[in-house]
Amino acid sequence: MTFTTRFAPSPTGPLHLGHAYSALLAHDMAMAKDGRFLLRIEDIDQSRARPAWEVQIYEDLQWLGLAWPQPVMRQSDRMPRYRAALRQLSAMGLTYPCRCNRADIEAAAGAPQEGVPQFGPDGRIYPGICRGRLPSDATDKDVIRLNMEKAVQAARLRSFTETGPGFAGTRQLDPEQLISTVGDIILVRRSMGSSYHLSVVVDDADQGISHAVRGADLFEATQIHVLLQSLLDLPTPVYHHHRLIRDDAGKRLAKRDDARAIAKYRTEGATPRDIRKIVGLPASSG
Ligand code: GLU
């Protein structure tokens, strides 16, 4: 299998130094192995995605010296693929529609108890209010959730290989941990037709990604992705979760950190070489 990496930004704001590091690292790792570097636009959240941000992503990445094969995969073009994956999970009896809003979930969650986690990689751990509903009852107002208890029973749980600094090793999925610290994740968000988790596993498989290179903030979500790959019979890539680029106060950069936007460095006369230096990558682009 060709060593294949990807950079998968959401066009919901300007790319900043953290994105530059992620894209350059994924690119350099692929080039070092004579592999392929792919781009994917993660625009399933059409309420936040903007064409202008997508254009700027291409400009910034080209300016950084990166190139990628065309056509670029865009999640908004792939809804039928996500629906098919959802149908597969529903046919296995693992999904249910959920109409709870945030307030319902907060109320049912009750007071925090010592030692019981309240939040997982998909947000607040869902207390199971709608778990008895049938997939056939779903309406437009519902999200679709994965029944985690059934999912871990149905799956032949895999291990995955992690090569990122601080995480490296073989990681085994733990069914108890998935139930108690992740819970019934959302597979289809309201008016989105999919979710980050469902789309990312289907897309990584369809793009033939052998090495998923991304920020350490997504390490905890990886157990969800490997579970879904196990259920959907999709390949599991090697994961490389890299360090996050932080601001001077040590906080990780967010989309609204315009001060660290690549576009800002460009207009101020920085060179791509400067950006590599700032994020701590060698000068050569491979
Ligand atoms: N679209 C995600 C982001 O912008 C990255 C997803 C991934 O690399 O798996 O943070």
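Residues numbered from 1 in each chain as written. Predicted model: local features only at pLDDT ≥ 70, side-chain atom pairs only at ≥ 80, totals over all residues. Heavy atoms only, no water.

Peer 1: Explain the overall build of the protein chain to me, please; I cannot follow it from the model alone.
Peer 2: When helices and strands are tallied, the protein chain shows 10 helices and 12 strands. A compact globule built from 286 residues would reach a C-alpha radius of gyration of about 19 Å, and the protein chain, at 20 Å, matches this within 12%. Principal-axis analysis of the C-alpha atoms places the extent of the protein chain at approximately 60 × 40 × 40 Å. Taking all 286 residues of the protein chain together, the buried fraction comes to 49%. Taking the intrachain contacts of the protein chain between residues at least 6 apart in sequence as the baseline, contacts between residues at least 24 apart amount to 79%. Of the accessible surface of the protein chain, which amounts to about 13800 Å², a share of 51% is contributed by carbon and sulfur atoms. Positive and negative side-chain charges of the protein chain, numbering 37 and 33 respectively, have mean locations separated by a distance of 1 Å. (Helix = DSSP H or I, 4+ residues; strand = E, 2+ residues; numbered from the N terminus. Rg over C-alpha atoms; globule rule 2.2 N^0.38 Å. Buried < 20%, exposed > 50% of the residue type's maximum accessible area, 1.4 Å probe, protein only. Contact = heavy atoms within 4.5 Å. Areas by Shrake-Rupley, 256 points an atom, 1.4 Å probe, with all protein chains shown as cover. Lys, Arg positive; Asp, Glu negative; His and termini not counted. Charge placed at Lys NZ, Arg CZ, Asp CG, Glu CD.)

Peer 1: Can you walk me through the sheet that holds strand β4 (residues 95–98) in this structure?
Peer 2: Across the sheet, which stays open at both edges, the three strands sit in the order β4-β7-β10 with antiparallel pairing between neighbours. Of all strands in the sheet, those with a lone pairing partner are β4 and β10 (186–188), marking the two edges. Ignoring which end each strand starts from, the neighbouring axes of this sheet average 45° apart. With two bridges connecting them, strand β7 (residues 143–146) and β10 associate as antiparallel partners. (Pairing = 2+ DSSP bridges. Axes fitted to C-alpha atoms, helices over the stretch in contact; angles between N-to-C directions.)

Peer 1: I tried to follow the packing of aromatic side chains on my own but got confused; where do I start?
Peer 2: Here the distance between the centres and the angle between the planes together describe a pair of aromatic rings. Taken as a whole and judged by the stated rule, the model has four aromatic pairs. Ring centres of F167 and F219 lie 4.2 Å apart, and the angle between their planes is 20°; this geometry places the pair in the stacked category. Of this pair, F167 sits in the loop between β8 (159–162) and β9 (169–172) while F219 sits in the loop between β11 (211–215) and α8 (222–232); the two residues are 52 residues apart in sequence, bridging distant segments of the chain. By relative accessible area, which is 11% here, F219 ends up buried. (Phe/Tyr/Trp six-rings, centres within 6.5 Å; stacked < 30°, edge-to-face > 60°.)

Peer 1: Before we go on, may I ask you to explain the nonpolar core in this structure?
Peer 2: The tendency in soluble globular proteins is for nonpolar side chains to be buried as a group. The biggest cluster of nonpolar side chains holds 39 residues, and the ones touching the most others in it are L89, L146, L187, L227, L228 and L231. Examining the composition of this core, we find that six residues originate from one element, α8, more than from any other. Leaving out residues up to four positions away in the same chain, L146 has contacts with L94, Y96, A151, D184, I185, L187, L227, L228 and L231. Listed in part, the 30 residues of the second largest apolar core include L39, I275, V279 and L281. (Core = buried A, V, L, I, M, F, W, Y, C linked by side-chain atoms within 4.5 Å.)

Peer 1: Sorry, what's going on with the packing of helix α3 (residues 79–91) against helix α7 (residues 196–206) here?
Peer 2: What describes two packed helices is the angle between their axes and the distance between those same axes. It is the contact of α3 with α7, at a shortest axis distance of 10 Å, that shows an interaxial angle of 110°. Taken together, the axes of α3 and α7 lie roughly perpendicular to each other. As α3 packs across α7, the resulting crossing turns out to be right-handed. Residues R81, Y82, A85, L86 and L89 of α3 touch α7, and the partners they reach there are L198, S199, V202, D203 and D206. In terms of residue class, the contact of α3 with α7 is built from six nonpolar, one polar and three charged. (Parallel < 35°, antiparallel > 145°, perpendicular 65-115°, else oblique. Left-handed = near helix turned anticlockwise from the far one by under 90°. Nonpolar A, V, L, I, M, F, W, Y, C, P; charged D, E, K, R; others polar.)

Peer 1: Just to check I follow, could you spell out the pattern of salt bridges for this structure?
Peer 2: When charged atoms on two side chains of opposite charge get close, those side chains can pair. Following the criterion strictly, the structure yields 18 salt bridges and no others. Put simply, R40 and D203 hold a salt bridge, and the shortest N to O gap is 3.6 Å. In this pair, R40 sits in strand β2 (residues 36–41) while D203 sits in helix α7, placing the two residues 163 residues apart along the sequence. D203 gets classed as buried once you look at its relative accessible area, which sits at 0%. One salt bridge connects R124 with E106, and the closest N-O pair in it is separated by 2.9 Å. Placement of R124 in strand β6 (residues 123–124) and of E106 in helix α4 (residues 102–109) is noted, with a sequence separation of 18 residues between them. Through salt bridges with shared partners, a single network forms among R6, R40, E42, R78, R81, D203, D204 and D206. (Salt bridge = Lys/Arg side-chain N within 4 Å of Asp/Glu carboxyl O.)

Peer 1: Can you walk me through the site of the ligand in this structure?
Peer 2: Near the ligand you find R6, A8, P9, S10, E42, Y196, V200, R214 and L218, and these make up its full shell. Note that a nitrogen atom of the ligand is positioned 3.4 Å from one of the side-chain N or O atoms of S10. Interatomic distance of 2.6 Å between a side-chain N/O atom of E42 and a nitrogen atom of the ligand. Look at the ligand: alone it shows 300 Å² of surface, and the protein chains cover 78% of it. Classifying every residue of the shell around the ligand gives five nonpolar, one polar and three charged. (Near = heavy atom within 4 Å. Polar contact = N/O pair within 3.5 Å; in protein donor to acceptor, adjacent residues only side chain to side chain.)

Peer 1: Teacher, can you tell me more about the pairing of β7 here?
Peer 2: Here is the key point about a regular strand: its side chains alternate between the two faces of the sheet. Taking every second residue as pointing to the same face, both faces of β7 are buried, with V143 and R145 on one and I144 and L146 on the other. Where β4 and β7 come together, four bridges link them in antiparallel fashion. From the neighbouring strand, P97 faces β7, where its bridge partner is I144.

Peer 1: Can you help me understand the sheet that holds strand β3 (residues 73–74) in this one?
Peer 2: The three strands are arranged β1-β2-β3 in an open sheet whose pairing can be described as parallel. On the outer flanks of this sheet lie β1 (4–7) and β3, each paired with one strand and no other. In terms of strand pairing, β1 meets β2 through four bridges, oriented parallel. Looking across to β2, one finds that T4 is bridged to R36.

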